[in-house]
Number of protein chains: 2
Amino acid sequence: MRASRYLIATQKETPNDAVVISHQLMLRAGMIRRLSSGLYTWLPTGLRVLRKVERIVREEMDRAGALEVLMPVVQPAELWEESGRWQQYGPELLRIQDRHNNDFCLGPTHEEVITDLIRSEINSYKQLPASFYQVQTKFRDEIRPRFGVMRAREFTMKDAYSFHVSEDSLQETYDIMHGAYCQIFDRIGLDYRPVLADTGSIGGSSSHEFHVLAQSGEDDIAFSTESRYAANVELAEAVSPSGERPVSSVEMQEAHTPGQKTIADVSEFLKSDPAQSVKTLIVLGECEEDEIAPLIALVLRGDHELNELKAEKLTGIASPLQFASEQRIGNELNCNIGSLGPVGMKIETIVDRSAAHLAGFICGANRDDFHLTGVNWGRDVEFSRVEDLRNVVAGDISPDGQGTLEIKRGIEVGHIFQLGDKYSRSMNATVLDENGKERVMSMGCYGIGVSRIVAAAVEQNHDDSGIIWPAAIAPFQLAIVPINMHKSDVVREKCEHLYESLRSKGIDVLLMDETKARLGAMLADVELIGIPHRIVIGDRGLDKGVVEYKGRGDSESQEFAVSQLEEILLEKFKL
Amino acid sequence: MRASRYLIATQKETPNDAVVISHQLMLRAGMIRRLSSGLYTWLPTGLRVLRKVERIVREEMDRAGALEVLMPVVQPAELWEESGRWQQYGPELLRIQDRHNNDFCLGPTHEEVITDLIRSEINSYKQLPASFYQVQTKFRDEIRPRFGVMRAREFTMKDAYSFHVSEDSLQETYDIMHGAYCQIFDRIGLDYRPVLADTGSIGGSSSHEFHVLAQSGEDDIAFSTESRYAANVELAEAVSPSGERPVSSVEMQEAHTPGQKTIADVSEFLKSDPAQSVKTLIVLGECEEDEIAPLIALVLRGDHELNELKAEKLTGIASPLQFASEQRIGNELNCNIGSLGPVGMKIETIVDRSAAHLAGFICGANRDDFHLTGVNWGRDVEFSRVEDLRNVVAGDISPDGQGTLEIKRGIEVGHIFQLGDKYSRSMNATVLDENGKERVMSMGCYGIGVSRIVAAAVEQNHDDSGIIWPAAIAPFQLAIVPINMHKSDVVREKCEHLYESLRSKGIDVLLMDETKARLGAMLADVELIGIPHRIVIGDRGLDKGVVEYKGRGDSESQEFAVSQLEEILLEKFKL
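Fair warning: this is a prediction, and the values are worked out from it, not measured in the lab.

Caption draft 1: The interface of chain A and chain B, seen in detail. Contacts between the two partners involve 52 residues from chain A, matched on the other side by 52 residues from chain B. For the pairing of chain A and chain B, the buried interface totals around 4300 Å² over both sides, and the portion due to carbon and sulfur atoms is 65%. It is Leu35, Leu70 and Arg99 of chain A that lose the most area in chain A upon contact with chain B, and together they represent 16% of the buried surface on that side. In this structure, the connection of chain A to chain B is made through six salt bridges. Between Asp98 of chain B and Arg153 of chain A there is a salt bridge, and its shortest N-O distance comes to 2.8 Å. With five residues, the single largest contributor to the side of chain A that touches chain B is helix H2 (residues 44–63) of chain A. When grouped by side-chain class, the residues that make up the side of chain A that touches chain B number 32 nonpolar, six polar and 14 charged.

Shown next, in the form of structure tokens:
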């Protein structure tokens, strides 16, 4: 591409409304422009990147045996009523009416449409397993779209769906898709983790999210320093500390702690470590509709956080989790919430695994303004039930026993689910099995946020000068920057020759051929746009038989002999 | 692709609701499925064709210097209010509201969005001319969607827009785009005509439609047998007959024609040729708002049709064209409409070029139940004004003087416009010219119905067995049909070897490897889907060292030596 016939559209100023770095740089590098809240136009440079991501995604989906289809953006309400989601789905589902007042929606996802298609196209187990995908425009009416194309309302997504006659077959395809996803993110060149995820409202039995690790991520990901283990912090198991519980020889004593209520207050007042104390939280237990819920005490180490998702999944605890009111606690347990503790607790008590491993710890005395110190489990207080109640923290032992956990922020760019029969049952998608009996199909679904990947790649790869594209998705592989091309025939000829020669070999080259452009401005644009390789060609260098080369991540430039230039460059373009 | 891992989805029955052949065949060949009125899912076979069309379109747009962008499907109302189209555009524009009750529409076209983008990105004449295109999902809420993807509500379109500082520059890009369009349809392999078109409601000065010739087309296209001249019948000029007007020596006579009112009645009654008579139509002339419109008589040859578009463009005639009421004609001209004629006509009379070339013709006598025969212009009646008033008919001289006109039905698959400043002026899209003065840009717009091309290609290329794809857009280039592949190792090996070898050379091959599929059913599928080449490989042929080949359009199959098979096939795949 010649810059003189291209829309570079770079900007010096950082736009006011762009908070995250990818949004800022994608605007400044002339990749996207805002049309309206959560609606973006992809300019030529951005679209080049988007298309390269799409291409890698398509190649790996094809390789995984999925067939590409294209379903409409606009979907009829009837199908969503069949699945039950017309009512369930929140206002992110943009419901619209056509000129005949029939109800439709803009598709945020396509489970209903694909299930409707497959129930009429596939009727025998012999046609299974079968997988389908599309790369398509989706719409979700986010209440607060933000971060540019990271959380836009209209975006490009690859969504795939698989159909099976058995759970084993589903698991097999799920594993293939998991592998294809890894291959996609490996090829794009991102630092990512496949993490165990909650199946949430979509339901089903197993789910992984694929997260690109970056500061601006909205999720906390726990992953092992030594193995492939990774999970959303919400889901990561906090394993029991290893070894025997220590024994403290200190006697249990009551300490007067007037006005000290929080762990921080008490620890400072008693000059102790929060990790050497426990906190006691009171939640509601399960009950029949017309009964008053019983109270249950949860005991955690003072420096740990309750994981509500884990708690509400436990037998006997109400789901969703509800904390007891201060009033009920005062009435029934006779103290304020800052003085609760396991010793003498009259209600069922569940102790977190780490709290259960303490000895000589501090806890509330179940009496206002008093705490106990030197408490030992067994000696001073019994416990009947130990569970995993807390969020993992950095340094915890990895649940698979290999290494310890690190926690980083992640941007979710992919999500795969084993849906089971959630949609196929409500929509009656069946096949005849080998005995001629009708069987409801099992389904998997597999999503990738194609446009979000572009933003995530920028979040992970940039410096003060701009974007540093992974080679596989860079808008151009090479920029040729001439010095005074309009004045020097030698420079012009050399540039044109190299440009045409590399283009004919399928290399994406940007020739900065705008007359009167200043060298500094051109180099700044090339760095901002994030082109992986650039050369500067000028009379002075050519006289010596050299051109200046700099890789986007290099700190220094180098000189290459003109005679070997093409050869060296072609070597660098190899992925 | 292996049929065993593919969704062939062919159907024997012709669906009831499909009227045109392309709709029937696209459903039967497993290319598309209806989701809802005017909404279709593209199955794998259909999508393969669509993508090949898209690819050719992209390559030619790139070659024409247009830059690809991607604009949102959902567009904010404000821009449409700026251009004035929020009110003007009919109910085909699907207006929607988001969760915050802001107004948006589903984009049926993108003039507003691109003009908004370019007015902020381009501000100097030095950046012009510039062209942008996108291949994107469009939505038009057709009142009666029909003919499958031919007139769907959601469809894929390539739309391009160009920006200029002068009309000359616009004309230059317009000509380049015209050439690119021809290149696109040539490469796809369609019989098409670029035709002069009305600029209609979009406005602007010049416009061409690109029509694929096919019986089921909705437009009548007139084109020369000997030159490139082609125009919508509405617009094609009917030139004056060549040579001197003949002279008839027969005397003018009054004939009693009781009850004979139409040209057909009168011609039969008088045993004459309708082409030897004239008909007289009375329309309203232009007038001030508070005046009564004058009457004007239009005289055409009895076998010709009035072209209302031509008539209403004439000076003195009201636009849109309005016919005078029978009552007014009776009151002011003293006879019924079946007896009108130019002789003695008291109002302004405009004579069509062909009618003006008659001699010894028949016309109404302006007296009920009487006609005149043997009328000569000049001798019996004067005329002051001759104009082109009629639709062209087959056999007319081509307006460019080369050959005569043929008329065929056409399917509009492309449309290019010189918009001038229609959008740039209302949206204030200006640049600074070479003198530093603000100038409103000129615009061109260029559309191609990508999904409609697929349907049009089927309309033009099919037989009783199914589709006959032009090679460039066929879903597969070759089908390999084995006989008893599951029983014969030799057949299996030969098929697998050829399949892998051709695939590795980039050929799209469909291997019909489903066990237990009957040969007849497989061959019927291959013909229905329209694969250009197919070979049958069986034990009996292999024993003799041959396989059977048949091109989709061939009437007979041939035998090819196995030893030369790949070579011969590769030669056939060359486009």
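Don't stop here, the text continues.
Caption draft 2: Local environment of the packing of H2 of chain A against helix H6 (residues 167–188) of chain A. Residue and element names in this part refer to chain A. In the contact formed by H2 and H6, the axes pass within 9 Å of each other and the chain directions differ by 150°. The orientation of H2 with respect to H6, classified from their angle, is roughly antiparallel. At the point where H2 passes H6, the crossing takes the right-handed sense. Residues Val53, Ile56, Val57, Glu59, Glu60, Met61 and Arg63 of H2 pack against Met177, Ala180, Tyr181, Gln183, Ile184, Arg187 and Ile188 of H6. Looking at the contact of H2 with H6 residue by residue, the class counts come to nine nonpolar, one polar and four charged.

Caption draft 3: Structural view of the packing of aromatic side chains. Residues and elements named next belong to chain A. Applying the stated criterion across every chain yields a total of 20 aromatic pairs over all chains. Ring centres 4.8 Å apart and planes at 20° place the aromatic pair Tyr549 and Phe560 in the stacked group. With a gap of eleven residues between them, Tyr549 in strand S29 (residues 546–551) and Phe560 in strand S30 (residues 558–561) connect regions that are remote in the sequence. Accessibility expressed as a relative area gives 2% for Tyr549, which makes it buried. Through a chain of ring-to-ring contacts, three or more aromatic side chains come together here, namely Tyr181, Phe185, Tyr192 and Phe210.

Caption draft 4: The arrangement of the relation of the copies chain A and chain B in detail. When chain A is fitted to chain B, the best match, at an RMSD of 0.3 Å, comes from turning it 180° and sliding it 0.1 Å along the axis. Viewed as a symmetry operation, the transformation between the two copies matches a two-fold axis. Scanning chain A for the C-alpha nearest the rotation axis identifies Ile96 of chain A, at a separation of 3.1 Å. Same-surface contact between copies: 100% of interface residues of chain A are shared with the interface of chain B.

Caption draft 5: Quick peek at the pattern of salt bridges. What the rule picks out here adds up to 92 salt bridges over all chains. Here Glu387 of chain A ties to Arg385 of chain A by a salt bridge, and the two come within 3.0 Å at their closest N and O atoms. Across the pair Glu548 of chain A and Arg534 of chain A runs a salt bridge, and its minimum N-O distance is 2.6 Å. Of this pair, Glu548 of chain A sits in strand S29 while Arg534 of chain A is found in strand S28 (residues 533–537), placing the two residues 14 residues apart along the sequence. Taken together, the salt bridges that share partners define one network made up of Arg51, Glu54, Arg58 and Glu68 of chain A together with Arg51, Glu54, Arg58 and Glu68 of chain B.

Caption draft 6: Geometry of the sheet that holds strand S5 (residues 95–97) of chain A. Residue and element names in this part refer to chain A. Pairing in this open sheet of three strands is antiparallel, and the strands run S4-S6-S5 from one edge to the other. What marks the edges here is a single partner per strand, and that holds for strand S4 (74–76) and S5. Taken pair by pair, the neighbouring strands of this sheet meet at an average axis angle of 40°, ignoring direction. Summarising the sheet, S5 and strand S6 (residues 103–106) pair through three bridges and their orientation is antiparallel. What sits directly across from Ile96, in S6, is Phe104.

Caption draft 7: Representation of the side chain of Glu68 of chain B within the structure. Counting through the fold element by element, Glu68 of chain B comes out in strand S3 (residues 67–68). Of note is the side chain of Glu68 of chain B, whose polar atom sits 2.9 Å from the side chain of Arg58 of chain B. Residues within four places of Glu68 of chain B in sequence aside, it is in contact with Leu43, Pro44, Leu47 and Arg51 of chain A together with Arg58, Tyr133 and Val135 of chain B.

Conventions and cut-offs
Within each chain, residue numbers correspond to sequence positions counted from 1 in written order. Just so you know, chain letters begin at A and ligand numbers begin at 1, following the order they were written in. The predicted origin of the model limits local features to residues at a pLDDT of at least 70 and limits the giving and counting of side-chain atom pairs to 80 or more, whereas totals for whole chains, interfaces and linings rest on all residues. Side-chain descriptors were evaluated using all non-hydrogen atoms of the structure, hydrogens and water having been removed beforehand. Whether two residues touch is decided by their heavy atoms; if any such pair falls within 4.5 Å, the residues are in contact. Defined in terms of a 1.4 Å probe, buried area is the accessible area two parts forfeit on being brought together, summed over both. What counts as a salt bridge is simple: a side-chain nitrogen of Lys or Arg found within 4 Å of a carboxyl oxygen of Asp or Glu. For helices the rule is a DSSP run of H or I covering at least 4 residues; for strands it is a run of E covering at least 2, with both sets numbered from the N terminus onward. In this classification, Asp, Glu, Lys and Arg are treated as charged, Ala, Val, Leu, Ile, Met, Phe, Trp, Tyr, Cys and Pro as nonpolar, and every other residue, Gly included, as polar. Geometry is summarised by axes, namely lines fitted to C-alpha atoms with helices restricted to the contacting stretch, and by angles between N-to-C directions that run from 0 to 180 degrees. Any angle between 65 and 115 degrees counts as roughly perpendicular, while under 35 counts as roughly parallel, over 145 as roughly antiparallel, and the rest as oblique. Here a crossing is taken to be left-handed if its near helix is turned anticlockwise relative to the far helix by less than a right angle, and right-handed if that turn runs clockwise. Working definition: rings of Phe, Tyr and Trp (its six-membered ring) pair if their centres are within 6.5 Å, and the pair is stacked with planes under 30 degrees apart, edge-to-face with planes over 60 apart, and tilted otherwise. Categorising residues by exposure relies on relative accessible area from a 1.4 Å probe, with only protein chains included: less than 20% of the type maximum marks a residue as buried, more than 50% marks it as exposed, and the intermediate range marks it as partly exposed. In superposing the copies, a least-squares fit is computed on C-alpha atoms, taking residues whose pLDDT is at least 70 in both. Paired strands are those between which DSSP finds at least two bridges. Distance and chemistry together define a polar contact, namely a pair of N or O atoms within 3.5 Å, with one atom able to donate a hydrogen and the other to accept it when in protein, and with adjacent residues in sequence counting only for side-chain atoms on both sides.

So yeah, pure geometry; function would need other evidence.
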